[in-house]
Amino acid sequence: MDDLIALECKALTKRFGSLVAVDKLSFSVQKQDIFALIGPNGAGKSTLMKLLTTILPPTEGDAFIENISILKYPAKVREIIGYVPQLISADGSLTGYENLLLFSKLYGIPKNERDKRIQQSLETMGLSTVAHRYVSEYSGGMVRRLEIILAMLHNPKILFLDEPTSGLDPIARKTVWEHLALIHKRDGVTIILTTHDMQEADYLCNKVAIILKGKIVEMGDTEKLKSALGEDATLNDVFIKYAGNSIEADHAYKEIARRRRTESERGS
Ligand SMILES: Nc1ncnc2c1ncn2[C@@H]1O[C@H](COP(=O)(O)OP(=O)(O)OP(=O)(O)O)[C@@H](O)[C@H]1O
Ligand SMILES: [Mg+2]
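All of the points below concern the structure found in this document.

Conventions used here
Residues numbered from 1 in each chain as written. Chains lettered and ligands numbered in written order. Predicted model: local features only at pLDDT ≥ 70, side-chain atom pairs only at ≥ 80, totals over all residues. Near = placed C-beta within 6 Å. Helix = DSSP H or I, 4+ residues; strand = E, 2+ residues; numbered from the N terminus. Nonpolar A, V, L, I, M, F, W, Y, C, P; charged D, E, K, R; others polar. Core = buried A, V, L, I, M, F, W, Y, C linked by C-beta atoms within 7 Å. Buried ≥ 20, exposed ≤ 12 C-beta atoms within 10 Å, placed from the backbone. Contact = placed C-beta atoms within 7 Å. Pairing = 2+ DSSP bridges. Axes fitted to C-alpha atoms, helices over the stretch in contact; angles between N-to-C directions. Parallel < 35°, antiparallel > 145°, perpendicular 65-115°, else oblique. Left-handed = near helix turned anticlockwise from the far one by under 90°.

## Remarks on the site of ligand 1
Here is step 1: Neighbouring ligand 1 are 15 residues, the closest being Phe16, Asn41, Lys45, Ser46 and Thr47.
Here is step 2: Secondary structure elements with two or more residues in the shell around ligand 1: strand 2 (19-30), helix 1 (45-52) and helix 10 (249-265).
Here is step 3: Residues that form the shell around ligand 1 fall into these classes: four nonpolar, seven polar and four charged.

Here it is, written out as structure tokens:
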């Protein structure tokens, strides 16, 4: 496989009963790309993330992260990826520092390096002053920034983020973007994210894929996709062109209801 490729999917498929959530996806992402998966509710974005991060096994097909098969070597894949899930994952009953300490132990970071690594990452994300406060007292933007450094503590080669800024106010959202851009520039990490926010995809991502009902219907350079539609076209125009007609109101409603239920069950 090409040395420049960070991720390659080969006919990757996930079925839940008769529902095909991810449908024979074959595509690749280059190293150091910031790649956005966009698509309506229920398109299969989170399911794809869960397959690539080895949380769910595929029904068929395979994917390779830095040449390592998710099917054959899931534990090895986990060592080189970071994952920020769609729903809140940091523990609110611990402080930011304690969350980081817990993860540094899980990742097997040597004891004498832990404190330095934690202090550095808190500083990168502008969280040093709140390190010893309970996460339950953090704002949504602070929680998200903490989750990003939790996912980055072991210096992964690829960082997966599922809707990193959903529910955040415009300032918190911009702060998360700036910090992501900073770690991308500094560490050269490949970033794969999902978002419903076209401004976010446009600001952060050099590549975009539009996913509908488990299939990628268009993929390419963000700038090329926009300019193909005209001089002043935005990513929103691109999204509407490919996904506009597919959003069935009833389906979208069911998806949102399902998601709200899950979120309220989790108390988030
Ligand atoms: N564990 C599961 N069991 C059964 N069906 C599931 C499961 N997880 C997801 N699905 C279904 O798979 C499809 C894709 O869901 P997924 O969560 O991947 O969509 P998404 O693109 O992330 O949507 P959203 O934008 O709302 O987050 C949906 O129809 C969903 O209802
Ligand atoms: Mg999702």
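What follows continues from the structure just given.
## Some remarks on the nonpolar core
Here is step 1: With 65 residues, the main nonpolar core has Leu7, Ala63, Ile158, Phe160, Ile191 and Val208 as its most contacted residues.
Here is step 2: Sort the elements by how many residues they give to this core and helix 5 (residues 140-152) lands first, with seven residues.
Here is step 3: Once you skip the residues sitting within four places of it in the chain, Ile158 turns out to touch Ala6, Leu7, Ile65, Ile80, Ile81, Val189, Thr190 and Ile192.

## A closer look at the sheet that holds strand 10 (residues 215-221)
Here is step 1: Taken in spatial order, the six strands make up an open sheet running 6-7-8-3-9-10, and their pairing is mixed. Two strands bound the open sheet, and with one partner strand each, they are strand 6 (81-84) and strand 10. Averaged over all pairs of adjacent strands, the angle between strand axes in this sheet comes to 15°, irrespective of strand direction.
Here is step 2: The strands that helix 1 touches are strand 3 (34-38), strand 7 (158-162), strand 8 (190-194) and strand 9 (207-212); relative to strand 7, the one it contacts most, it runs at about 150°.
Here is step 3: Sheet strands touched by helix 5: strand 6 and strand 7. Its angle to strand 6, the strand with the most contacts, is close to 160°.

## What about the packing of helix 5 against helix 6 (residues 170-187)?
Here is step 1: At a closest axis distance of 9 Å, the pairing of helix 5 and helix 6 adopts a crossing angle of 20°. In terms of orientation, helix 5 lies roughly parallel with respect to helix 6. The two elements helix 5 and helix 6 meet at a crossing, and its hand is right-handed. Contact residues: Gly140, Gly141, Arg144, Arg145, Ile148 and Met152 in helix 5; Ala172, Thr175, Val176, His179 and Ile183 in helix 6.
Here is step 2: Each residue belonging to the contact of helix 5 with helix 6 can be placed in one class, and the counts come to five nonpolar, four polar and two charged.

## Remarks on unusual backbone geometry
Here is step 1: Backbone geometry at Glu66 places phi at a positive 50°, although glycine is not the residue there.
Here is step 2: Within the fold, Glu66 resides in the loop between strand 4 (60-65) and strand 5 (68-69).
Here is step 3: One non-glycine residue with positive phi stands out, namely Glu163, at about 50°.
Here is step 4: Note on placement: Glu163 falls in the loop between strand 7 and helix 6.
Here is step 5: Accessibility expressed as a C-beta count within 10 Å gives 21 for Glu163, which makes it buried.

## Describing the sheet that holds strand 5
Here is step 1: Overall, antiparallel pairing links the four strands, which are arranged 2-1-4-5 in an open sheet. The sheet is open, and its two borders are formed by strand 2 and strand 5, each paired with just one other strand.
Here is step 2: Here strand 4 runs beside strand 5; their pairing, made up of two bridges, is antiparallel. When the sheet's bridge partners are listed, Phe64 is paired in strand 5 with Ser69.
Here is step 3: Helix 1 rests against strand 1 (5-16), strand 2 and strand 4 of the sheet, and its axis sits at about 65° to strand 2.

## As for the pairing of strand 4
Here is step 1: Where strand 1 meets strand 4, five bridges bridge the pair, whose relative direction is antiparallel. Note on strand 4: the bridge partner recorded for Leu7 is Ile65.
Here is step 2: Joining the antiparallel neighbours strand 4 and strand 5 is a turn of two residues, in which Glu66 adopts a positive phi near 50°.

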